[in-house]
Amino acid sequence: MDIKAAIAAERRELAALLDGLTAGQWDAPTLCAGWRVRDVVAHMSMGFRYSLPKMAAELLRAGGNLHRMTDHCARRDAAAASTRELAGFLREHAHHPWKPPVGGIAAALGHDVVHGLDITVALGLDRRVPEDRVRLLLQKITPGTARFFGAGLRGIQLRADDLDWSFGSGTPLSGAAQDLLLVAYGRKLPPGRLQGERHQHFVAG
């Protein structure tokens with residue numbers, strides 16, 4: 001799989017989807033607690049728009065707290081840009097080589113796919129991420145990444161019902177592969193998407 005090509009395609013596809021959202025949808029909540037659609041999109045494009053010195057200055061301003069810095073920048077940038085500009089950030093930077101500090105190029109794909117699902121799942125849009133992208137990201141899940149994202153998977157086996165894939169051991173938690181990817185990234189999902197004895201632990205309240 002050409003991961004760089006997949007990243008570019010994912011960004012262009014998300015930009016096209018965002019172009020069709022209503023004003024109300026842009027201001028709707030996402031699976032990222034406290035962030036609206038516009039905040040998530042602003043965050044997704046931050047790595048394209050901020051130089052390393054600017055990123056360092058923002059982090060210093062936030063007292064070294066990365067979460068506080070990204071939250072502040074996402075909200076501020078979302079307020080400053082139009083929805084057309086926000087979608088354009090993804091389209092215009094489809095081939096940008098940005099990568100997260102850890103995880104390499106696959107983590108960049110994961111960043112785009114998961115944040116895209118944060119938007120579409122919360123809005124109830126039936127977007128299916130191409131299977132090859134989902135499979136690659138599922139293969140990157142480890143106990144360490146699950147702990148990093150606060151997924152709470154101890155004693156749980158994730159079991160996809162649309163792909164031949166499982167992870168972990170214990171009480172089965174089943175659902176679509178892309179929904180289980182969200183679970184592994186610490187997200188709580190809307191009701192009705194997961195099945196299993198302990199599924200309520202992974203459902204948004």
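A brief structural summary. As the structure is a prediction and not an experimental result, all values here were calculated from the model.

Another point: the overall build of the protein chain. Check the secondary structure of the protein chain and you find eleven helices and four strands. A globule of 205 residues ought to have a C-alpha radius of gyration of about 17 Å, and the protein chain, at 17 Å, matches this closely. Dimensions of the protein chain, computed from the C-alpha atoms along their principal axes, are close to 45 × 35 × 35 Å. A burial count over the protein chain gives 48% of its 205 residues as buried. In the protein chain, of all internal contacts separated by at least 6 residues, the share reaching a separation of at least 24 is 62%. In the protein chain, 26 positive and 21 negative side-chain charges are present, and the distance between their average locations comes to 6 Å.

What follows is about helix α7 (residues 83-92). Because the α-helix completes a turn every 3.6 residues, residues three or four places apart line up on one side. Listed as buried for α7 are Leu86, Ala87, Gly88, Phe89 and Leu90. Buried residues belonging to α7 abut α1 (3-19), α2 (23-26), α3 (37-44), α4 (46-49) and α6 (66-80).

Before going further, it helps to examine the pattern of salt bridges. If you walk through the whole model with that rule in mind, you get 18 salt bridges. Ionic pairing is found between Arg128 and Asp162, a salt bridge with its closest N-O pair at 2.7 Å. Of this pair, Arg128 sits in the loop between α8 (104-123) and α9 (131-139) while Asp162 sits in the loop between β1 (156-160) and β2 (166-168), and the two are 34 residues apart along the sequence. Taking the shortest distance from any N to any O, the salt bridge between Arg135 and Glu131 comes out at 2.8 Å. Remark: Glu131 and Arg135 occur in helix α9; sequence separation between them is four residues, near one turn of the helix. Through salt bridges that share partners, Arg49, Glu58, Arg61, Arg76 and Asp77 make up one connected network.

Below, the discussion takes up the side chain of Asp112. Relative to the helices and strands, Asp112 resides in helix α8. Here Asp112 falls in the buried class, since its relative accessible area comes to 0%. Residues contacting Asp112, with those up to four places away along its chain left out, are Ile7, Glu10, Arg11, Leu14 and Met44.

Moving on to the packing of α1 against α7. Between two packed helices, what matters for the description is the angle formed by their axes and the separation of those axes. At a minimum axis separation of 8 Å, α1 and α7 run at an interaxial angle of 160 degrees. Between α1 and α7, the angle falls in the class roughly antiparallel. Crossing geometry of α1 relative to α7 is assigned as left-handed. Within the contact between the two elements, α1 uses Arg11, Leu14, Ala15, Ala16, Leu18 and Asp19 and α7 uses Ala87, Leu90 and Arg91.

About the thresholds
- Residues numbered from 1 in each chain as written.
- Predicted model: local features only at pLDDT ≥ 70, side-chain atom pairs only at ≥ 80, totals over all residues.
- Heavy atoms only, no water.
- Helix = DSSP H or I, 4+ residues; strand = E, 2+ residues; numbered from the N terminus.
- Rg over C-alpha atoms; globule rule 2.2 N^0.38 Å.
- Buried < 20%, exposed > 50% of the residue type's maximum accessible area, 1.4 Å probe, protein only.
- Contact = heavy atoms within 4.5 Å.
- Lys, Arg positive; Asp, Glu negative; His and termini not counted.
- Charge placed at Lys NZ, Arg CZ, Asp CG, Glu CD.
- Salt bridge = Lys/Arg side-chain N within 4 Å of Asp/Glu carboxyl O.
- Axes fitted to C-alpha atoms, helices over the stretch in contact; angles between N-to-C directions.
- Parallel < 35°, antiparallel > 145°, perpendicular 65-115°, else oblique.
- Left-handed = near helix turned anticlockwise from the far one by under 90°.

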